[in-house]
Amino acid sequence: MGSLGETLLTCRDLTMSYGDHVVFEHVDFEVKAGERLCIVGENGAGKSTLVKGLLGLMRPTSGAIEWKEGRGHARIGYLPQRTAARDDFPASVREVILSGCLGTCGMRPWYTHEQRERAASTMSLLDIDDLSGETFCSLSGGQRQRVLLARAMCAADGLLLLDEPTASLDPMATKGLYELLRDLNESHGLTEIMVSHDIGPATEQATSILHLAGDRSFFGTPESYRASAAGRLFAEGGRP
Amino acid sequence: MMAIICRILSYPFMTNALVVGTIVSLCASMLGASLVPKRYSMIGDGLSHVGFAAVAVAYALDMTPLTVAMPVCMVTAFLLLRIHESSKVKGDAAIAVVCSAALAIGVMTVSLTTGMNTDVNSYLFGSILAMSKDDVRLSVALGLVVMVVYLLFYNRFFSLTFDEEFTRATDGHAETYKTVLALLTAAIVVLGMRMMGALLISSLIVIPTLSAMRACRRFSMVVTLGAVVSVVCFMAGVTASFALSVPTGACVVLVDLAAFCLLSLISKVMRR
Ligand SMILES: Nc1ncnc2c1ncn2[C@@H]1O[C@H](COP(=O)(O)OP(=O)(O)OP(=O)(O)O)[C@@H](O)[C@H]1O
Ligand SMILES: [Mg+2]
């Protein structure tokens, strides 16, 4: 975790593609410690692709992704858009959430008491205590999302990277999640990078917006985004 | 029953077989718990067929079978886990090709050189008579190493099989864990091949885990119950094969299958 205002991540002239298919090009943005970046864009605009790039799962075609000295992409609290786990995977909620603590294990083969405590307190923060003994795959989509968010929070070292965290949450849970995220940001100083389609609440809370759109991407403050052509168009055509 | 067990224990080769078999079935079921839910079940099959080919070639070249089979299988395991990822070759098709190609190479080598002698036959279908004193020592030592390494990597293997992308993103050593898993699997397949036979060893990896997954919904429980089921079935299978004078490998697999059916039935009734 860096002190407030320090630049955590800088992306310069970033282009990413699958083979010949260029998803987005010439994207520039930066994230400072304690900021909240919201990434928006149409389906297929490359939001998840950018996330993969940030996590080091995919190499950029050109341009640079630079982390603060010694930060690297490890130890990011990552919430994937989809999990790969199959329907019959035998895993309890507690086991899944604890696996988020793996990054802090170092060479230790087992989880420590503190790590278990951390998992437990994250569970109560997200209000999923009563699920801890359940099988992960028997949960509803929204419950799963919360469990995976808890795992991400256990893995996070000052930085959360969330790919559509509200995609399968009910309106109450969505509201709760936004409040929780704001709280984490304000009281714990957590830096947040979030992909979202909820253009309203997401842009209200964010400190900066990255709109991905082929070769005409936008990066700036929410105010300038709302004033920009891209922002107006997207808000009208996008979801309310 | 007691009489049979006493008679079994009076033969040194049977005691050897029991010791080695217990360790191998314990390790195989633990590895299975990490391979089966990730849809890697076929890897055991691929490895054992390649192991057979390696043994056949080793005989042809007059080398010690295990010293050839072990490195060959480890390299294969490493490659197979990677083929699974590339979207160009479908994983299951790739393994099917590897299986039959390896078997073809093995059979060709055998027929061009020694002919189907008992040694090669015992590698295909398994034999508990084949164990030399050195075999036993090697198997016990390697089996214990596999067990310890698995337990040390237990949480990492769980994370890897549950969500590989997350593990790669947040931990940064996922490739290492995957390689370790591949090497352990190769070691156990080669060790177990001798007793269970190349054609049957993969069932030792798959069936106990499947049985445990019927009854348990927690990963730690699946590993534990799988290990218990695997060892108990192995003991029962060896005893039965001794009493009825039938091949050990086949007998153990049938007992494993029976346990699977039994656990499926029990869990069905319990869920009512
Ligand atoms: N594994 C892949 N191989 C080839 N092309 C891909 C792959 N994954 C995504 N793409 C392509 O890259 C583009 C961007 O995909 P991406 O998943 O990043 O979109 P997204 O912005 O996250 O969309 P959504 O809002 O639906 O989540 C799409 O056109 C898609 O077809
Ligand atoms: Mg996406």
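Structural data are supplied above this passage.
As a starting point, this report considers the structure included with it. (Residues numbered from 1 in each chain as written. Chains lettered and ligands numbered in written order. Predicted model: local features only at pLDDT ≥ 70, side-chain atom pairs only at ≥ 80, totals over all residues. Heavy atoms only, no water.)

If you tally the helices and strands in chain A, you get 8 helices and 9 strands. For chain A, whose C-alpha radius of gyration is 18 Å, the value lies close to the compact-globule estimate of 18 Å for 240 residues. With the C-alpha coordinates aligned to their principal axes, the bounding extent of chain A is approximately 50 × 40 × 40 Å. For chain A, with 240 residues in total, the buried portion stands at 52%. Taking as baseline every contact in chain A between residues at least 6 positions apart, the subset at least 24 positions apart corresponds to 66%. Just so you have it, chain A exposes about 10900 Å², and 50% of that area is on carbon and sulfur atoms. (Helix = DSSP H or I, 4+ residues; strand = E, 2+ residues; numbered from the N terminus. Rg over C-alpha atoms; globule rule 2.2 N^0.38 Å. Buried < 20%, exposed > 50% of the residue type's maximum accessible area, 1.4 Å probe, protein only. Contact = heavy atoms within 4.5 Å. Areas by Shrake-Rupley, 256 points an atom, 1.4 Å probe, with all protein chains shown as cover.)

Moving on to the environment of Gly-220 of chain A. Residue and element names in this part refer to chain A. Within the secondary structure, Gly-220 is located in strand S9 (residues 218-220). By relative accessible area, Gly-220 is classed as buried at 14%. Ignoring sequence-local partners within four residues, the contact set of Gly-220 consists of Ser-208 and Ile-209.

Further remarks concern the packing of helix H11 (residues 201-215) of chain B against helix H13 (residues 248-271) of chain B. All names here are of chain B. Closest axis-to-axis distance for the H11/H13 pair is 8 Å, and the angle between their directions is 15 degrees. Accordingly, the angle class assigned to the pair H11 and H13 is roughly parallel. Between H11 and H13 the crossing geometry is left-handed. Between H11, through Ser-203, Leu-204, Ile-207, Pro-208, Leu-210, Ser-211, Arg-214 and Ala-215, and H13, the contact on the second element is made entirely by Val-252, Val-253, Asp-256, Leu-257, Ala-259, Phe-260, Leu-263, Ser-264, Ser-267 and Arg-271. Along the lines of polarity and charge, the residues of the contact of H11 with H13 split into 11 nonpolar, 4 polar and 3 charged. (Axes fitted to C-alpha atoms, helices over the stretch in contact; angles between N-to-C directions. Parallel < 35°, antiparallel > 145°, perpendicular 65-115°, else oblique. Left-handed = near helix turned anticlockwise from the far one by under 90°. Nonpolar A, V, L, I, M, F, W, Y, C, P; charged D, E, K, R; others polar.)

It is worth spelling out the pairing of strand S7 (residues 191-195) of chain A at this point. Residue and element names in this part refer to chain A. Along S7, 5 of the 5 residues are buried, which leaves the element largely enclosed by surrounding structure. Summarising the sheet, strand S3 (residues 36-40) and S7 pair through 4 bridges and their orientation is parallel. When the bridges of S7 are listed, Ile-39 appears paired with Val-195. Alignment of strand S6 (residues 159-163) against S7, held across 5 bridges, turns out to be parallel. Across the sheet, Asp-163 pairs through a bridge with Val-195, a residue of S7. (Pairing = 2+ DSSP bridges.)

Residue and element names in this part refer to chain B. Judged by side-chain charge, Arg-214, Arg-217, Lys-268, Arg-271 and Arg-272 come together as a positively charged surface patch. Relative to the elements of secondary structure, Arg-214 occurs in helix H11. On the basis of relative accessible area, Arg-214 is assigned to the partly exposed category, the value being 37%. (Patch = residues over 30% accessible without salt bridge, like charges linked within 9 Å, V, L, I, M, F, W, Y side chains within 5 Å. Salt bridge = Lys/Arg side-chain N within 4 Å of Asp/Glu carboxyl O. Lys, Arg positive; Asp, Glu negative; His and termini not counted. Charge placed at Lys NZ, Arg CZ, Asp CG, Glu CD.)

Further remarks concern the sheet that holds S3 of chain A. All names here are of chain A. Spatial ordering of the open sheet is given by S5-S6-S7-S3-S8-S9, a layout of 6 strands whose pairing is mixed. Across the chains shown, the open sheet's two edge strands, defined by having one partner strand only, are strand S5 (77-79) and S9. Averaged over neighbouring strand pairs, the angle between their axes works out to 10 degrees when direction is ignored. The pairing of S3 with strand S8 (residues 208-211) spans 4 bridges and is parallel.

A word on the nonpolar core. Membership of the largest hydrophobic core comes to 126 residues, with the highest contact counts inside it found for Ile-97 and Leu-160 of chain A together with Tyr-150 of chain B. The element contributing the most residues to this core is helix H10 (residues 174-196) of chain B, with 15 residues. Filtering out sequence-adjacent residues up to four positions away, Tyr-150 of chain B remains in contact with Met-30, Leu-31, Ala-33, Ser-34, Phe-157, Leu-184, Phe-219 and Val-223 of chain B. Core analysis: the second largest hydrophobic core is formed by 32 residues, Leu-14, Val-23, Val-31 and Leu-57 of chain A among them. (Core = buried A, V, L, I, M, F, W, Y, C linked by side-chain atoms within 4.5 Å.)

The next point concerns the packing of aromatic side chains. One pair of aromatic rings is described through two measures. These are the centre distance and the angle between the planes. On inspection of all chains with the given rule, the structure shows 15 aromatic pairs over all chains. Between Phe-136 of chain A and Phe-162 of chain B, the ring centres sit 5.2 Å apart and the planes meet at 80 degrees, which makes this aromatic pair edge-to-face. Taken together, the positions of Phe-136 of chain A in the loop between helix H3 (113-125) and helix H4 (141-155) and Phe-162 of chain B in helix H8 (residues 154-162) put the pair across two chains. A single burial state applies to Phe-136 of chain A and to Phe-162 of chain B, both of which are buried. Between the aromatic rings of Tyr-150 of chain B and Phe-157 of chain B, the centroid separation amounts to 5.6 Å while the plane-to-plane angle is 45 degrees, which identifies the pairing as tilted. The same class applies to Tyr-150 of chain B and to Phe-157 of chain B, which are both buried. When the ring centre of Phe-166 of chain B is taken as origin, the NZ or CZ atom of Arg-151 of chain A, which lies over that ring, is 3.6 Å away. (Phe/Tyr/Trp six-rings, centres within 6.5 Å; stacked < 30°, edge-to-face > 60°. Lys NZ or Arg CZ within 6 Å of the ring centre and 35° of its normal.)

Take the pairing of S6 of chain A next. All names here are of chain A. Among the 5 residues in S6, 5 count as buried, and that is most of the element. Neither face of S6 is open: one carries Leu-159, Leu-161 and Asp-163, the other Leu-160 and Leu-162, and all of them are buried. Of the strand pairs in this sheet, S5 and S6 are connected by 3 bridges, and their pairing is parallel. Within S6, the position partnered with Tyr-78 by the bridge is Leu-161. Of the crossover connections in this fold, the one passing from S6 over helix H5 (residues 171-188) to the parallel S7 is right-handed. (Right-handed = clockwise from strand over helix to strand, strands pointing away.)

Contacts between the two partners involve 25 residues from chain B, matched on the other side by 34 residues from chain A. At the boundary of chain B with chain A, total buried surface from both sides reaches about 2800 Å², with 62% on carbon and sulfur atoms. Arg-151 of chain A is the partner of Asp-163 of chain B in a salt bridge, and the nearest nitrogen-oxygen pair spans 2.9 Å. Where chain B meets chain A, there are 8 residue pairs in polar contact (both at pLDDT 80 or more). Broken down by secondary-structure element, the contributors of at least two residues to the side of chain B that touches chain A are helix H7 (133-152), H8, helix H9 (164-170) and helix H12 (219-244) of chain B. Residue contributions to the side of chain B that touches chain A peak at 7 residues, all from H8 of chain B. Among the residues making up the side of chain B that touches chain A, the classes are represented as 12 nonpolar, 5 polar and 8 charged. (Buried area = accessible area lost by both parts, 1.4 Å probe. Polar contact = N/O pair within 3.5 Å; in protein donor to acceptor, adjacent residues only side chain to side chain.)

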